[in-house]
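# Structural description and commentary
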Amino acid sequence: MSIKKLTHLFSLTLLLLAPAGLFASENAAHSDNGAAERKEYIKHHLLDNHDFHIIGNISMPLPVLFWDEGAHMAMSSVFEHGTKVAEIDGKFYKIEHAKIIPTDASGTPLEMHGEHPREVAIDYSITKNVVVIMLVCVLMFWLFRGMAKNYQQDLVPKGAAKFFEPLVLFVRDEIAIPNIGKKHYKKYMGFLLSVFFFIWIINLIGLTPLGINVTGNIAITAALSLMTLFITFYTSKSTYWAHIFWMPGVPVPMKIILAPIELLGVIIKPFALLIRLYANIKAGHIVLMSIIAIMYLFENWGAKGAFLGLSFFLNLIELLVAFLQAYIFTMLSALYFGAASEEHHHEEAHH
Amino acid sequence: MAIPNIVGAGLIVIGAGLGIGLIGGKAMEGIARNPEAANKIQTAMLIAAALIEGIGFAALFAA
């Protein structure tokens, strides 16, 4: 078979095997039709985790570091996948829903806030998400550094650069230059490229059956959007703030009305950036996981087949969404940078 | 009597669907009138759709 046909066949098989993550848990006829198991499966895919669970029973324990009146460190194997109450430095802790909760020796939480137990003050463990982010950063660094070094010898790309060069040029020509302008786009290119490939690669990783959901975590998208915000503030010219609070070219009463709205806009724009990525990815994963889990609910094979097909198409759509969200995030960031670095035009009556 | 959350979610979906549908429709009209500008229109359509979806998700999140 030609390479093209092989690639098609391979990707088809991969996509169809996405529900393979469920093979680990056998599904007998439980009293509640396995609903608890399905919830567990969906939750495992969505939440962060203190172990790195690969397949079946193979999982890698990760270091757990937190601050609870003093820094503590342990390996998460002491928690044994959340079943045991561990004693660390004299105090007892247990892990529930990926949070570390100080408890007494028998496992009851020390304090409750309403329905939720109090967690430790600061939890900076190396959890699954952190490991994946670090891996992706190393991968991106290795990939693009290799490309850059290659360009010093020969302008013609080789190997993986053949795939990534059009993408890099796409970010420069379609996202950066139209929004920021030819004068200033260079200093933003580093961030735009990084964020574009970071979000795209991580979204794609989230679609594999490994159950790694990084951008569906509001803390991570908040960090990305905060970076956009800081870069906008840091590289903004003085005219940026002047234009926000005193927009040129409109009559004075309008200016006074516009000022608070624009001020709100400064906060809302990164917030929308954050929510957009987070909700898109998280909702997509929830729907996909639910449909895959429903497959195991029905006994009728026709229904199972129908849901398998539906999950296949949803997976395809999720692939598109992975790219689209990366593109939209980068483009809106470029838009904000462009607004920040706008030159001061002299006011003309050009309407 | 509190209105159940799901009714709110349904309204949000109607709003977002209407918005994106309108944009998609106008975009198609634009492309039909001027096939050469298809790329630019498509880009603009995707941007607008993403913005609307952003609001939709934010609201869905709150509901």
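Residues numbered from 1 in each chain as written. Chains lettered and ligands numbered in written order. Predicted model: local features only at pLDDT ≥ 70, side-chain atom pairs only at ≥ 80, totals over all residues.

## Description of the overall build of chain B
Operational definition: The numbering of helices and of strands both runs from the N terminus, where a helix is a DSSP run of H or I of at least 4 residues and a strand a run of E of at least 2. The size measure is the radius of gyration over C-alpha atoms, and the globule rule it meets is 2.2 Å times the number of residues to the 0.38 power. Counting other C-beta atoms within 10 Å of a residue's C-beta gives its exposure: the residue is buried at 20 or more, exposed at 12 or fewer, and partly exposed in between, where C-beta atoms are placed from the backbone.
Across its full length, chain B carries two helices and zero strands. On C-alpha atoms alone, chain B measures out to a radius of gyration of 15 Å, which is more than a quarter above the 11 Å that the 2.2 N^0.38 rule sets for 63 residues. With the C-alpha coordinates of chain B rotated into their principal frame, the extents come out at 55 × 15 × 10 Å. Expressed as a percentage of the 63 residues in chain B, the buried residues total 6%.

## A closer look at the confidence of the model for chain B
Quick note on the threshold: Along the chain, pLDDT gives the predictor's confidence residue by residue, from 0 to 100.
Model confidence for chain B is summarised by a mean pLDDT of 83, while 97% of its residues fall at 70 or above. With a pTM of 0.78, the predicted complex shows an ipTM of 0.72.

## Overview of the nonpolar core
Residues and elements named next belong to chain A. What counts here: Under the definition applied here, buried Ala, Val, Leu, Ile, Met, Phe, Trp, Tyr and Cys residues are grouped into a nonpolar core through C-beta atoms within 7 Å. Contact between residues is assigned whenever the C-beta positions, reconstructed from backbone atoms, fall within 7 Å.
By size, the foremost hydrophobic cluster in this structure holds 41 residues, and its most contacted members are A176, L192, F196, I199, F329 and A334. Contributing elements (two or more residues each) for this core: α4 (161–180), α5 (186–206), α6 (218–234), α8 (252–295) and α9 (301–340). Here L192 is in contact with V171, I175, A176, T330, S333 and A334, once residues within four sequence places are set aside.

## A short note on the interface of chain A and chain B
Listed as interface residues are nine residues of chain A and, on the opposing side, nine residues of chain B. Elements with a minimum of two residues in the side of chain A that touches chain B: α8 and α9 of chain A. The biggest single contributor to the side of chain A that touches chain B is α8(A), with six residues.

## Focus on α8(A)
Threshold: Every helix has an expected span of 1.5 Å times one less than the residues it contains. A residue's bend is the angle separating two fitted axes: one through the seven residues that end there, the other through the seven that start there.
With 44 residues, α8(A) ought to run about 64 Å at 1.5 Å a step, and its terminal C-alpha atoms sit 62 Å apart, in line with that. Its maximal kink placed at A:V266, α8(A) deviates by approximately 30°, while the proline A:P270 follows within four residues.

## Points about the confidence of the model for chain A
Fine structural detail should not be taken from predicted coordinates in areas where pLDDT scores are low. Residue and element names in this part refer to chain A. Overall, the prediction assigns chain A a mean pLDDT of 76, with 81% of residues at 70 or greater. A low-confidence stretch, residues 21–31 stays under pLDDT 50, and its non-local contacts, those more than four residues away or across chains, total twelve contacts. Note on residues 347–351: pLDDT under 50 across the span, and two contacts to partners over four residues away in sequence or across chains.

## Structural notes on the environment of A:M289
Residue and element names in this part refer to chain A. Relative to the helices and strands, M289 resides in helix α8. C-alpha of M289 to C-alpha of L46: the two residues are 243 residues apart in sequence and 9.2 Å apart in space. In contact with M289, not counting residues within four places along its chain, are I42 and H45.

## Details of the packing of α4(A) against α9(A)
Residue and element names in this part refer to chain A. Note the threshold: Axis geometry follows a simple rule: fit a line to the C-alpha atoms, using only the stretch in contact for helices, then measure angles between N-to-C directions, giving values from 0 to 180 degrees. The labels follow the angle: roughly parallel below 35 degrees, roughly antiparallel above 145, roughly perpendicular from 65 to 115, and oblique for the rest. We call a crossing left-handed when the near helix sits turned anticlockwise from the far one by less than a right angle, and right-handed when that turn is clockwise. Amino acid classes used here: Ala, Val, Leu, Ile, Met, Phe, Trp, Tyr, Cys and Pro are nonpolar; Asp, Glu, Lys and Arg are charged; the rest, including Gly, are polar.
Interaxial distance between α4 and α9 falls to 7 Å at its minimum, and their mutual angle equals 30°. For the element pair α4 / α9, the angle class is roughly parallel. Note on packing geometry: the crossing formed by α4 with α9 is right-handed. On α9, the residues that touch V171, I175, A176, N179 and I180 of α4 are T330, M331, A334, L335, F337 and G338. For the contact of α4 with α9, a count of residues per class yields eight nonpolar, three polar and no charged.

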